[in-house]
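Given next are the chains, with one letter for each unit.
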Amino acid sequence: QMWQLRKTAIEQFNGLRRELFDTAWRLADEYDFPDEYRLTEKQIAQYNKILMDNDEIRKHERLYSIKDKFKAYPPFWYYIGNTAKRISESDDETVNENEKADFALKARGYFEEFFKLNKYNILREDQIAASGSLEYAEILLKDDNPDKAKISECIDKARALCGNAFDVLQLCSVLYLKNNEADKASEILRILVNEDYNRIINAQLLSSIYVKEDNKKDYELLSKRVDRKYLY
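Keep in mind the model is a prediction, meaning the values are calculated, not measured.

**What to know about the layout of surface pockets**
Point 1. Looking at the largest pocket, its volume works out to about 310 Å³.
Point 2. As for the largest pocket, its lining consists of Leu-20, Phe-21, Thr-23, Ala-24, Leu-27, Phe-33, Tyr-37, Arg-38, Leu-39 and Ile-44.
Point 3. Looking at the lining of the largest pocket element by element, the count peaks at five residues for helix α1 (residues 2–31).
Point 4. For the lining of the largest pocket, the class distribution of residues is eight nonpolar, one polar and one charged.
Point 5. Quantified by volume, the second largest pocket comes out at close to 250 Å³.

**Considering the nonpolar core**
Point 1. Residues Phe-76, Phe-111, Leu-134, Ile-155, Val-168, Cys-172 and Leu-222 are the most contacted members of the largest nonpolar core, which totals 51 residues.
Point 2. Counting residues per element, this core draws most heavily on helix α6 (residues 127–141), which supplies seven residues.
Point 3. Residue contacts for Phe-76: discarding those within four places in its chain leaves Tyr-47, Leu-63, Ile-66, Lys-67 and Phe-70.

**Observations regarding helix α5 (residues 97–117)**
Point 1. Under the 1.5 Å per step criterion, the end-to-end length of α5 is 30 Å for 21 residues, consistent within 8% with the ideal 30 Å.
Point 2. Burial in α5 covers these residues: Lys-100, Phe-103, Ala-107, Tyr-110, Phe-111, Phe-114 and Phe-115. Seen along its axis, α5 keeps its buried residues to an arc of 135°; they face one direction. Projecting away from the buried face of α5 at angles above 90 degrees are the exposed residues Asn-98, Leu-105 and Lys-116.
Point 3. Contacts made by the buried residues of α5 are with α3 (56–65), α4 (74–89), α6 and α7 (148–161).

**Quick look at the side chain of Asp-126**
Point 1. Within the secondary structure layout, Asp-126 lies in the loop between α5 and α6.
Point 2. Among buried charged residues, Asp-126 stands out as having no salt bridge; its nearest opposite-charge side chain is Lys-157, 8.5 Å away.
Point 3. With residues near it in sequence (within four places) discarded, Asp-126 still touches Asn-118, Asn-121 and Leu-161.

**Here we look at the side chain of Asn-118**
Point 1. Tracing the backbone through its elements, the reader meets Asn-118 in the loop between α5 and α6.
Point 2. For Asn-118, a relative accessible area of 13% gives the class buried.
Point 3. The contact partners of Asn-118, leaving out residues within four places of it in the chain, are Pro-74, Asp-126 and Ala-129.

**Some thoughts on the environment of Lys-85**
Point 1. For Lys-85, the location among the structural elements is in helix α4.
Point 2. For Lys-85, a relative accessible area of 7% gives the class buried.
Point 3. Each C-alpha atom, one on Lys-85 and one on Glu-138, is 9.7 Å from the other, the two residues being 53 residues apart in sequence.
Point 4. Not counting the four nearest positions on each side in its chain, Lys-85 is found in contact with Ala-107, Phe-111, Glu-135, Glu-138 and Ile-139.

Criteria and cut-off values
- Residues numbered from 1 in each chain as written.
- Predicted model: local features only at pLDDT ≥ 70, side-chain atom pairs only at ≥ 80, totals over all residues.
- Heavy atoms only, no water.
- 1 Å grid on protein atoms, 1.4 Å probe; cavity = no way out; pocket = protein on both sides within 12 Å on 5 of 7 lines; lining within 4 Å.
- Points joined across faces, edges and corners; volume = space filled by probe spheres on them.
- Helix = DSSP H or I, 4+ residues; strand = E, 2+ residues; numbered from the N terminus.
- Nonpolar A, V, L, I, M, F, W, Y, C, P; charged D, E, K, R; others polar.
- Core = buried A, V, L, I, M, F, W, Y, C linked by side-chain atoms within 4.5 Å.
- Buried < 20%, exposed > 50% of the residue type's maximum accessible area, 1.4 Å probe, protein only.
- Contact = heavy atoms within 4.5 Å.
- Expected span 1.5 Å × (residues − 1).
- Arc of directions from axis to C-beta.
- Lys, Arg positive; Asp, Glu negative; His and termini not counted.
- Salt bridge = Lys/Arg side-chain N within 4 Å of Asp/Glu carboxyl O.

The quantities given are spatial measurements derived from coordinates; they are silent on function.
Below you can see the structure in the form of structure tokens.
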């Protein structure tokens, strides 16, 4: 009986897989887009294997070598951008500062390609797009004269796409603070404190904003939920 259940599951999975690639073929034929836009099963398997590589430099090289095959696939550009950004921020002594700066520049280009391809995203929640927007905002914040409006737009987009992913909202709040947008940061921090997510740390951040703004009313309200000894 267990084998029959497993056999049925395998047959259903293979049926879905055949349907997926058959649909991809028919779409390519119907809309006459280049055949290289249609990913093969081997290409997808190779791509998934590369993403598991723990050596970031080798991972970047391997992703770069297949970029022509994935040029129409938005997530690819997020992951190669993420990899380049990690290298630019790493403590690896084998990578000098000039090389790190070069990888930071590459990461910016990769993320911009991702946003261009993901322009017509129809997903209400998209963790990859949210992460890409935040990582791009982090890169922009390091500019000599950062574009505050563009950075804010990126964080806003991440906030809208992340749904109720508290870890992403946490990053949004930190980046808002770095971009001197305490009002937007406090909105998120209030949510995180109420949801008991990193409650003490977020309460400290929130209370520091209230003190700076001389907002006694909200500070007192916060102190009723979090012990004053933990507040700023």
